[in-house]
Amino acid sequence: MFDLWGMSMNSGDDIAGIVHAVGPDVVDFRPGDRVAGFYKPCTPNGSFAEYAMIETNTAWLAVKSNIHRIIWIAGSPKQYLEDFIDRSQGDTILDYRDSEDDIKEGVQNAAGGRTILHAIEKVSSERSAHIMAETMGTGGHIALVLFEKEYTDIPSHVKHNKHKASVMHEGEKDFGLVISRFVGRDLQEGWFKPQRHEVVPGGLNGVITAFERLKSGEAHAMNNSKTV
């Protein structure tokens, strides 16, 4: 357990493994099943442990949207994102390491004169949300992921709200249940694939190794998984 923003938590959100035991009311899973899920943040029993606990209604969200144009802003892993876009539909990838002016100009050029009304900020560090909001039209909406951060520098013409996966543990359990079943089916059908990943050896001792690789830049654009 460690303290983050004044909250004690067992880190390790993503969980995948073999079911060891289920509660008396669980009907969808049984011991021996291979599963994946998302544990409730800021609570005990996260995935950095030999055993972890998840609710049956939780999983990662994925949707076949067929939405274009997608303007993706990324860094060195840009080449790995090409499989997720369709340049023939106007999709493109920009580099967040460029200057603020270059990024905003690149977004506007990629939009091709269209007004940008929807954005998802998956990093929310420093001025990234502010830069994105400045490229959006009046009435636009930007979704943010860091619920503990105050976004005071976002222009007033853009609405914003914070999203967190833990809503599936709170007031949106039915939503989580439905989405988890879709994810399971889509994995079986093969169109939904996991992010690039690498298993770091050493069990729980590999956690430190994984963090060191991320910090040094040796590992990027992939999930570092540990087997425990």
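Residues numbered from 1 in each chain as written. Predicted model: local features only at pLDDT ≥ 70, side-chain atom pairs only at ≥ 80, totals over all residues. Heavy atoms only, no water.

Selection rule: UniProt positions are given in the numbering used here, feature names are shortened, and annotations may be inferred rather than shown by experiment.
The protein chain has the name Alcohol dehydrogenase-like N-terminal domain-containing protein in an unreviewed UniProt entry, where Cochliobolus sativus is given as its organism. For the protein chain, the Subunit (unreviewed entry) comment in UniProt is given as "Monomer." Recorded in UniProt for the protein chain, the comment headed Sequence similarities (unreviewed entry) runs: "Belongs to the zinc-containing alcohol dehydrogenase family."

Quick look at the overall build of the protein chain
Worth spelling out the cut-off: In DSSP terms, a helix is any run of H or I states spanning at least four residues, a strand is any run of E spanning at least two, and both are numbered starting from the N terminus. Type-normalised accessible area, obtained with a 1.4 Å probe on protein chains alone, sets the label of each residue: buried when under 20%, exposed when over 50%, and partly exposed for intermediate values. Whether two residues are in contact is decided by their heavy atoms, any of which lying within 4.5 Å being enough.
Secondary structure summary: the protein chain contains four helices and 11 strands in total. Considering the protein chain as a whole, with its 228 residues, one finds that 31% of them fall into the buried category. Within the protein chain, residue pairs in contact and separated by at least 24 positions form 43% of the contacts whose partners lie at least 6 positions apart.

Topic: the environment of Gly 140
Examined against the element boundaries, Gly 140 turns out to sit in the loop between helix H2 (128–134) and strand S8 (141–144). Look at Gly 140 and you get buried, because its relative accessible area is 0%. Once the C-alpha coordinates of Gly 140 and Ile 116 are considered, the two residues, 24 residues apart in sequence, prove to be 6.9 Å apart. Once you skip the residues sitting within four places of it in the chain, Gly 140 turns out to touch Leu 117, His 157, Val 158 and Lys 159.

Thoughts on the environment of Ser 88
To keep it simple, the criterion reads: In the analysis that follows, any N or O atom pair within 3.5 Å is treated as a polar contact, provided that within protein one partner can donate a hydrogen and the other can accept it, and provided that, for residues neighboring in sequence, both atoms belong to side chains.
Relative to the assigned elements, Ser 88 resides in the loop between strand S5 (71–74) and strand S6 (92–95). Within the structure, Ser 88 has its side chain in polar contact with the side chain of Asp 86 (distance 2.4 Å).

Brief notes about helix H1 (residues 100–111)
Applied cut-off: A helix's residues, less one, multiplied by 1.5 Å, set its expected span. Working note: the arc is built from the helix axis to C-beta atom directions.
Relative to the 16 Å expected for 12 residues at 1.5 Å per residue, H1 spans 17 Å between its end C-alpha atoms, a close match to the ideal helical length. Regarding H1, the residues found buried are Ile 103, Lys 104, Gly 106, Val 107, Ala 110 and Ala 111. Down the axis of H1, the buried set is contained in an arc of 160°. They therefore lie on one face. Across H1 from its buried face, at more than 90 degrees, point the exposed residues Asp 101 and Asn 109. Of the surrounding secondary structure, the elements contacted by the buried residues of H1 are S5, S6 and H2. After H1 finishes, the residue Gly 112 shows a positive phi value of roughly 60°.

A few points about the pairing of S6
It is a general feature of regular strands that their side chains alternate between the two faces of the sheet. What counts, and what does not: Paired strands, in this sense, are two strands between which DSSP finds at least two bridges.
Of the two faces of S6, both are covered, the one formed by Thr 92 and Leu 94 as well as the one formed by Ile 93 and Asp 95. For S5 and S6, the ladder comprises four bridges, and the chain directions are parallel. When the sheet's bridge partners are listed, Trp 72 is paired in S6 with Ile 93.

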